[in-house]
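What the coordinates show
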Amino acid sequence: GCHTLLDMNTKLAKLTTNTTTSDVETIAAVIGGDDEQFATLVRRHNQTLFRACRAVLHDDADAEDAVQAAWLSVYRALASFRGDASFRTWATRIAVNEASSRLRGRRRLSLVPLEDSMSSTGDPERAAFDGELGRLLERKIDALPDGMRAVLVLRDVIELDTAETAACLDIGPEAVRVRLHRARHALAESLSDTLAENVWRFDGDRCARVLGRVMAAIRAPNPGP
């Protein structure tokens, strides 16, 4: 009755502090018995959870399995969500834990594909270059030590803040800052010798197109001053 309604209002007020209004409303609806609304949460945060799992597991199929298991865990634990962190952080932490448990025995960590986060200009040549650059970054970040790599993915790919990353990885905020600094420095150093060969490339169709124009201009009759 009134007591239950008061408890719900108190809970919603607390959730509002760290969670978007849309998340608050959806969570309340699910807790209230409307299971169909859980699909809204899944659609809203699926990419974040997939990226977290993909970063840990380095395999699309394994990441999909982990995300599915993580969402089931989120659903079962939803009533215990207290809003001490945002729902996004809370769910991401569950996903990281799920993926990490699957990682035991092989201890690898990699970066999610970057191509889908890059803007598309509709230019096939540009899209191909973006894909190459994304794969280059993947290889370089894949070479980072596990702890540094995990922090870099959560902070710079998923774009969690320091406190959220610390919560997901069960480490202190200062450890997040130190690892992120070291990871960014190591990545910059690693890229320094190879990035120049991959940025603003001037081969393929673009090179042929410009070469053709230059040679046509050279061969054309001198138009005079």
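Scroll up to find the structure this text is about.
So, how was this worked out
Residues numbered from 1 in each chain as written. Predicted model: local features only at pLDDT ≥ 70, side-chain atom pairs only at ≥ 80, totals over all residues. Heavy atoms only, no water. Core = buried A, V, L, I, M, F, W, Y, C linked by side-chain atoms within 4.5 Å. Buried < 20%, exposed > 50% of the residue type's maximum accessible area, 1.4 Å probe, protein only. Helix = DSSP H or I, 4+ residues; strand = E, 2+ residues; numbered from the N terminus. Contact = heavy atoms within 4.5 Å. Salt bridge = Lys/Arg side-chain N within 4 Å of Asp/Glu carboxyl O.

1. Considering the nonpolar core
Within the largest apolar cluster, 23 residues are counted, with the highest numbers of intra-cluster contacts made by F38, C53, W71, V74, L78 and F87. With 7 residues, the single largest contributor to this core is helix α3 (residues 38–57). Leave out the neighbours within four places in its chain, and C53 touches A63, A66, V67, A95 and A99. Of all hydrophobic cores here, the second largest spans 14 residues; its members include L136, A166, I171 and V176.

2. Here we look at the pattern of salt bridges
What the rule picks out here adds up to 6 salt bridges. Between D170 and R93 there is a salt bridge; the shortest N-O distance is 2.0 Å. Taken together, the positions of D170 in the loop between α8 (162–169) and α9 (173–192) and R93 in helix α5 (residues 87–103) put the pair 77 residues apart, joining distant regions of the chain. Looking at D170, the relative accessible area reads 52%, which means it is exposed.

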